[in-house]
Amino acid sequence: MSIEIPAGLEDLLVRFTVEVLRNQPRDPLDFAVRYFQRLNQNQNQNRGGGSSESLPSPTAARPGAVVSFTEPDAERSGEEDEELVAPVATRFTRRVSVSAETYNPDDEDEELREPRIVHPKTDEQRQRLQEACKHILLFKNLDAEQMSQVLDAMFERRVEVGEHIIEQDDNGDNFYVIERGTFSIYMKVDGLERLVGTYNNRGSFGELALMYNTQRAATIITTSAGALWCLDRMTFRRIIVRNNAKKRKLYEAFVESVPLLESLQSVERMKVVDVLGCQPYSDGERIIAQGDSADCFYIVESGQVRIVLNKKGAETEIAVCSRGQYFGELALITNKPRAASAYAVGTVKCLVMDVQAFERLLGPCKDIMKRNIANYEEQLARLFERDVDGHTETAGPRPGTSEVLR
């Protein structure tokens with residue numbers, strides 16, 4: 001039997017559910033009766049056929065618009081500071097599209113007005129969640145209290161092969177952290193859907209649509225059974241977007257001074273800032289190891305980084321990167337293991353971008369990087385030229401460049 005869902009029903013139910021979660025009424029049935037009566041009265045007034053009698057809230061709703069519905073003060077007293085315990089979500093819960101709302105990350109009062117969402121977890125679940133979130137760059141700059149709120153608000157979703165987690169051009173509802181499983185990334189290019197990347201048992205996705213109130217930029221489909229941890233839009237924007245706004249102010253001038261990023265537009269540079277994490281290193285600490293698989297790209301914020309090549313057991317310093325210079329890109333572009341190691345010289349801070357963000361955001365810069373790959377081979381030839389005495393002559397990178405074999 002074919003059942004047609006009436007136009008506007010899903011939107012109506014979503015808006016009602018949001019109001020229930022916001023108000024937490026003691027009697028949901030009575031709340032529903034008054035909510036829909038008021039919605040009906042407002043719509044009648046909008047059509048010019050309603051009563052002029054004042055309603056519980058001054059907001060007049062157009063057809064299909066959200067109705068701000070507030071419980072009487074007597075019923076709400078003593079409940080303002082209670083945490084909102086969200087219902088447990090399962091993989092059978094149908095995902096709905098949520099319209100993008102205006103959000104001001106500089107509005108301190110807005111954070112106080114938003115309820116704190118908590119999904120109860122067992123000790124075992126929380127341990128798995130903490131492990132999955134350990135290397136998520138978006139979380140690196142959160143303080144302990146912010147991180148605790150993020151972990152509280154996340155909920156587990158089990159996925160099976162072939163599930164569409166997000167769809168390109170949909171509005172964003174959640175941010176996703178991968179605990180396990182493999183996922184394919186598809187984008188529509190010239191009208192055709194093409195595979196542009198994969199996730200393999202780690203990583204995160206879905207942040208861009210939530211940060212910028214834009215539609216999903218890609219489709220993510222599961223290719224093996226797995227598990228995701230999901231963070232709702234409200235909490236993501238309240239904590240992550242607010243934190244990123246502060247980070248933007250801190251790093252905006254620095255990122256504009258990085259020569260590699262000059263080819264990006266201003267809005268593209270800001271997206272780069274949003275996905276960068278700041279990682280400190282102590283003197284002599286190894287940042288990347290020759291032969292390891294590549295998962296991140298680095299820009300030196302402060303200090304210096306030695307690039308060292310190990311050839312037949314002998315280490316040779318081939319370059320030193322300083323503020324504004326970058327390293328770690330070659331392995332990402334060529335999909336090969338790290339060709340050299342990098343060590344901190346003194347106290348160092350690096351801005352770090354994971355491989356997925358690198359692929360997604362630095363497309364305009366990759367041509368510049370590829371042009372420099374030819375220089376790497378020239379540098380190697382110069383580095384290991386033998387003089388007549390059999391000694392190795394070393395030569396650093398060309399003046400004014402930071403590109404080295406790595």
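Residues numbered from 1 in each chain as written. Predicted model: local features only at pLDDT ≥ 70, side-chain atom pairs only at ≥ 80, totals over all residues. Heavy atoms only, no water.

### A closer look at the pattern of salt bridges
Scanning the model with the defined rule gives 15 salt bridges in all. Across the pair arginine 34 and aspartate 30 runs a salt bridge, and its minimum N-O distance is 3.0 Å. You can see arginine 34 and its partner aspartate 30 sitting in helix α2 (residues 28-46), 4 residues apart, about one turn around the helix. Of the residues examined, arginine 34 reaches a relative accessible area of 26% and is grouped as partly exposed. Residue classification places aspartate 30 among the partly exposed positions, given a relative accessible area of 36%. Among the charged side chains, a salt-bridge network with shared partners connects Glu124, Arg128, Glu156, Arg158, Glu179 and Arg180. (Salt bridge = Lys/Arg side-chain N within 4 Å of Asp/Glu carboxyl O. Helix = DSSP H or I, 4+ residues; strand = E, 2+ residues; numbered from the N terminus. Buried < 20%, exposed > 50% of the residue type's maximum accessible area, 1.4 Å probe, protein only.)

### A word on the pairing of strand β3 (residues 155-159)
Walk down a regular strand and you will see the side chains alternate between the two sheet faces. Counting buried positions along β3 yields 4 of 5 residues, so the element is predominantly enclosed. When β3 meets strand β10 (residues 226-232), the two strands line up antiparallel, connected through 5 bridges. Each residue of the ladder has a partner; that of arginine 158, found in β10, is alanine 227. (Pairing = 2+ DSSP bridges.)

### Some remarks on the environment of lysine 134
Here lysine 134 shows up in the loop between α5 (123-133) and α6 (144-153). The class for lysine 134 is partly exposed, based on a relative accessible area of 42%. Within the local environment of lysine 134, its side chain forms a polar contact with the side chain of glutamate 131, the two groups lying 3.0 Å apart. (Polar contact = N/O pair within 3.5 Å; in protein donor to acceptor, adjacent residues only side chain to side chain.)

### Concerning the packing of aromatic side chains
Per the counting criterion, the structure on display carries 10 aromatic pairs. Arranged with centres 5.2 Å apart and planes meeting at 20 degrees, the rings of tyrosine 176 and phenylalanine 205 form a pair that is stacked. With tyrosine 176 in strand β5 (residues 174-180) and phenylalanine 205 in strand β8 (residues 204-205), the pair connects residues that are 29 residues apart, well separated along the chain. With relative accessibility at 0%, the residue tyrosine 176 sits in the buried group. According to the relative accessible area criterion, phenylalanine 205 is buried, its value standing at 2%. Among the aromatic residues, those joined into a cluster by ring pairs are Tyr176, Phe183, Tyr199 and Phe205. Here the basic side chain of lysine 271 rests over the ring of tyrosine 212, its NZ or CZ set 5.2 Å away from the ring centre. (Phe/Tyr/Trp six-rings, centres within 6.5 Å; stacked < 30°, edge-to-face > 60°. Lys NZ or Arg CZ within 6 Å of the ring centre and 35° of its normal.)

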